[in-house]
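The residues making up each chain are set out below.
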Amino acid sequence: MSTINSSSIFSSVILSVLVTLASIVPHTDARAFFVFGDSLVDNGNNNYLATTARADSPPYGIDYPTHRATGRFSNGLNIPDLISEAIGSEPTLPYLSPALTGERLLIGANFASAGIGILNDTGIQFINIIRIYKQLEYFQQYQQRVGALIGPEQTQRLVTDSLVLITLGGNDFVNNYYLVPFSARSRQFALPDYVVYLISEYRKVLSRLYELGARRVLVTGTGPMGCVPAELAMRSRNGECSVELQRAAGLFNPQLVQMINSLNSQIGSNIFVAANAYEMNMDFVRNPQQFGFVTSKIACCGQGPYNGLGLCTVLSNLCPNRDIYAFWDPFHPSERANRIIVQQILTGSNKYMNPLNLSTILALDSRT
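A brief report on the enclosed structure follows.

What counts as what
Along each chain, residue indices are assigned from 1 in the same order as the chain's sequence is written. Reporting in this predicted model follows two pLDDT cut-offs: at least 70 for local features of residues, and 80 or more for side-chain atom pairs to be given and counted; totals over whole chains, interfaces and linings ignore these cut-offs and use all residues. Hydrogens and waters are ignored; side-chain quantities use all the structure's heavy atoms. Stacked, tilted and edge-to-face pairs are distinguished by plane angle, under 30 degrees for stacked and over 60 for edge-to-face with tilted covering the rest, among Phe, Tyr and Trp rings (Trp via its six-membered ring) whose centres lie within 6.5 Å. Working definition: helices are DSSP H or I runs of at least four residues, strands are E runs of at least two. Numbering for both runs from the N terminus. Relative accessibility thresholds used throughout: buried, under 20% of the residue-type maximum; exposed, over 50%; partly exposed, between the two (1.4 Å probe, protein chains only). By definition here, a helix of n residues has an expected span of 1.5 Å times n minus one. We define the nonpolar core as a collection of buried residues of types Ala, Val, Leu, Ile, Met, Phe, Trp, Tyr and Cys that are connected through side-chain atoms lying within 4.5 Å of one another. Any two residues having at least one pair of non-hydrogen atoms within 4.5 Å are treated as being in contact. Note on terminology: disulfide denotes any pair of cysteine sulfur atoms within 2.5 Å. The definition of a right-handed crossover adopted here requires that, viewed with the strands pointing away, the path from the first strand over the helix to the second runs clockwise. Each pair of strands is called paired provided DSSP finds at least two bridges between the two strands.

## Let's talk about the packing of aromatic side chains
Then comes step 1: Enumeration according to the criterion identifies 20 aromatic pairs in this entry.
Then comes step 2: Between Phe173 and Phe252 the ring centres are 5.8 Å apart and the planes differ by 85 degrees, which places this aromatic pair in the edge-to-face class. Here Phe173, found in helix α5 (residues 170–177), pairs with Phe252, found in helix α9 (residues 243–267); they are 79 residues apart in sequence, far enough to count as distant.
Then comes step 3: When its relative accessible area of 0% is taken as the criterion, Phe252 is described as buried.
Then comes step 4: Relative to Tyr178, the ring of Tyr177 has its centre 5.0 Å away and its plane inclined at 80 degrees; by these criteria the two rings are edge-to-face.
Then comes step 5: Classification of Tyr178 as buried rests on a relative accessible area of 13%.

Pasting the structure below:
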């Protein structure tokens, strides 16, 4: 009973925070929002590609407003949807969606593609996905399309005033370095050297984003990769997180923050903001009951140990109440977990957001 009460109180707190923050930016002048990255933020681009990395069939989307699979790797809304909600904007459409035309272009666009990483050889098993530099190419193309609609000067202003979210890195470990024993990258690099290489390549990606006009960029680190149900199913004996993958996250995330600080320092402005997805996730992984979850080990949808094997399909085990599961499928948080993550993006302390959180950004920008 207390779980239900704390859960509903928690939900109402989140709701009030979102309502308050949505009012910071006037709806009539909501800023554009652009999203780059992998399956944690893909709104359905992969639906339009011949790839196995897709979420366009049930039970994905079971709790989405339409109760249909949209290509989001979630039972309902994902992180970009919830950020759009907070900034008083409609959800961004996938860039490949035929519906992304005319006025809708001014809302922004989601370029993310499930399976991709910082490196071009990440996710090669998924064949046809939109690698990060292709996403940036599409961003250029987008600006040309909007330029034809509202003129180049207004387009530049729209991009400069926009909010950007980029989520990369997890797949460079789980779908590359650790995909198979003795993978090409693990033979080429010891883990610490691989991380240094990834960070140097990520710096190039962020620099390119800056060149393309992005001035407010949220950069999420990797979550606790060793604690997701897929890794528990493959690597765990008693439900403990995989030491090796946790070590990878422990090396990658602090170096990402250092790189972001260095880039901001070079530019002379806090363009890039580090979102500590590791700590945001670890809060409810360590203590699921505190957040109203019954488990952070078992996925709601899947099969095998911890429901962590294979894909989430109509043939999978499916939990009746998604709100009490921290993980929706073997790799991705449930909508309710996403809401907890986004609350920290919005109002989190320096432990979660460095150098400032999104509500502070919104308040600062509303004054300029």
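## Quick word on helix α3 (residues 132–150)
Then comes step 1: With 19 residues, α3 extends 27 Å between its outermost C-alpha atoms, agreeing within 8% with the 27 Å of an ideal straight helix rising 1.5 Å per residue.
Then comes step 2: Turning to α3, its buried residues number three or more, namely Ile132, Gln135, Leu136, Tyr138, Phe139, Tyr142, Val146 and Gly147.
Then comes step 3: Immediately downstream of α3, the backbone of Gly151 shows phi near 90 degrees, a positive value.

## A few points about the nonpolar core
Then comes step 1: Ranked by internal contacts, the top residues of the largest apolar core, which has 107 residues, are Ile166, Phe173 and Tyr202.
Then comes step 2: If one sorts the elements of this core by residue count, helix α7 (residues 191–211) sits on top with nine residues.
Then comes step 3: Sequence-distant contacts of Phe173, that is, excluding residues within four places in its chain, are made with Tyr178, Leu179, Leu191, Tyr194, Val195, Leu198, Met225, Leu245, Ala248 and Phe252.

## With respect to the state of the cysteines
Then comes step 1: Enumeration over the complete set of coordinates arrives at three disulfides.
Then comes step 2: Between Cys227 and Cys241 runs a disulfide, and the two sulfur atoms are separated by 2.1 Å. Note on the Cys227 and Cys241 pair: the S-S dihedral is about 110 degrees, so by sign convention the disulfide is right-handed. On the criterion of sequence distance, the pair formed by Cys227 in the loop between β4 (217–220) and α8 (229–235) and Cys241 in the loop between α8 and α9 is long-range, its members being 14 residues apart.
Then comes step 3: Across the disulfide from Cys300 sits Cys319; the S-S distance is 2.1 Å. With the S-S dihedral at roughly -100 degrees, the linkage between Cys300 and Cys319 falls on the left-handed side. Here Cys300 is found in the loop between α10 (277–286) and β6 (301–302), whereas its partner Cys319 is found in the loop between β7 (317–318) and α11 (335–347), with 19 residues between them in sequence. Each of the two residues, Cys300 as well as Cys319, counts as buried.
Then comes step 4: By sequence-ordered numbering of the bonded cysteines, the chain has its disulfides arranged as 1-2, 3-6, 4-5.

## Some remarks on the environment of Leu179
Then comes step 1: Here Leu179 shows up in the loop between α5 and α6 (184–188).
Then comes step 2: The exposure class assigned to Leu179 is partly exposed, which follows from its relative accessible area of 39%.
Then comes step 3: Residues Leu179 and Gln125, 54 residues apart in the sequence, show an inter-C-alpha distance of 10.0 Å.
Then comes step 4: Residues within four places of Leu179 in sequence aside, it is in contact with Gln125, Phe173 and Val174.

## Comments concerning the pairing of strand β1 (residues 33–37)
Then comes step 1: Buried residues dominate β1, accounting for five of its five residues.
Then comes step 2: On β1, burial covers both faces: Phe33, Val35 and Gly37 on one face and Phe34 and Phe36 on the other are all buried.
Then comes step 3: You can see the chain leave β1, run along helix α2 (residues 79–86) and come back into strand β2 (residues 108–110), and the turn it takes is right-handed.

## Overview of the sheet that holds β1
Then comes step 1: Read from one edge of the open sheet, six strands run β2-β1-β3-β4-β5-β8, paired in mixed fashion. Edge strands, defined here as strands with exactly one partner in the open sheet, are β2 and β8 (353–354).
Then comes step 2: With four bridges joining them, strand β3 (residues 163–167) and β4 adopt parallel strand pairing. Within the sheet, the bridge partner assigned to Leu165 lies in β4 and is Leu218.

## Here we look at the environment of Leu105
Then comes step 1: Along the chain, Leu105 turns up in the loop between α2 and β2.
Then comes step 2: The sequence separation of Leu105 and Leu191 amounts to 86 residues, and the corresponding C-alpha distance is 41 Å.
Then comes step 3: Here Leu105 is in contact with Leu100, Tyr142, Arg145, Val146 and Leu149, once residues within four sequence places are set aside.

These results come straight from atomic positions and should not be treated as a statement about function.
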